[in-house]
Amino acid sequence: PEVELPQLYNPPRSPPPEVPAIVPSYMKLADAYMQKENYPLAQRQFKKVLKKSPRHIPAILGYATAIERSGNPKQIFEVALAYGNATKAALAIGDDRLATIALRRAITLCNDAATTSKDNKLDTFRRLSELAFTSELAAEMYYAIGSEIATHILDGGGDGVDKSE
């Protein structure tokens, strides 16, 4: 039997979006909060930037970094998905190198997450797998998903298959 692999992620490419005039001021304040290690305020400030300019890559990465540095393990999947957003934004402007770095960071965070919520981890991996834009990244993602399913089964959590679909 022939196996059909999912399509690789291939978003349309476009120039970087226009940055509203207020964004540099918001970014300076967010950076100041990061330097002072006030990560909750930095997160809020980066969110303000993202409301004005959703594809602003420095703000997406800053937001992810602020959450990550705050050290709350309950937010690890939010951080991984933020790096996924950075992957999308980087690909949209044709920066495959940055997109690869961001997606690999997301994969690493998910892999390293010490969590009791196996379903949340698997769901995050599945959402990130939709962003794999090279065969190598797709292989990394599907290896991570397979490993997580195997771990789930070995831990007595069932077969790892979502029966709601």
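Presented here is an overview of the structure given in this document. (Residues numbered from 1 in each chain as written. Predicted model: local features only at pLDDT ≥ 70, side-chain atom pairs only at ≥ 80, totals over all residues. Heavy atoms only, no water.)

1. Quick notes on the overall build of the protein
Within the protein one finds seven helices and zero strands. Per-residue burial over the protein gives 40% buried out of 165 residues. Long-range pairs, those at least 24 residues apart, make up 58% of the contacts in the protein with a sequence separation of at least 6. Within the structure as shown, the protein displays about 9,900 Å² of accessible surface, and the carbon and sulfur contribution to it stands at 53%. (Helix = DSSP H or I, 4+ residues; strand = E, 2+ residues; numbered from the N terminus. Buried < 20%, exposed > 50% of the residue type's maximum accessible area, 1.4 Å probe, protein only. Contact = heavy atoms within 4.5 Å. Areas by Shrake-Rupley, 256 points an atom, 1.4 Å probe, with all protein chains shown as cover.)

2. Re the packing of aromatic side chains
Applying the stated criterion to the full structure yields zero aromatic pairs. A cation over a ring is seen here: Lys 48 above Tyr 26, with NZ or CZ 5.7 Å from the ring centre. (Phe/Tyr/Trp six-rings, centres within 6.5 Å; stacked < 30°, edge-to-face > 60°. Lys NZ or Arg CZ within 6 Å of the ring centre and 35° of its normal.)

3. Points about the environment of Phe 77
In this structure, Phe 77 sits in helix H4 (residues 76-92). Sequence separation between Phe 77 and Asn 120 is 43 residues, and the spatial gap between their C-alpha atoms is 7.8 Å.

4. A short note on the environment of Gly 84
Relative to the helices and strands, Gly 84 is located in helix H4. Along the sequence, Gly 84 and Arg 105 sit 21 residues apart, while their C-alpha atoms lie 8.9 Å from each other.

5. Observations regarding the side chain of Gln 43
Counting through the fold element by element, Gln 43 comes out in helix H2 (residues 39-52). What Gln 43 contacts, discounting residues up to four positions off in sequence, is Tyr 63, Ala 66, Ile 67, Ser 70 and Gln 75.

6. Some points on unusual backbone geometry
Positioned with a positive phi, Glu 37 is a non-glycine residue whose angle comes to about 60 degrees. For Glu 37, a relative accessible area of 58% translates into the label exposed.

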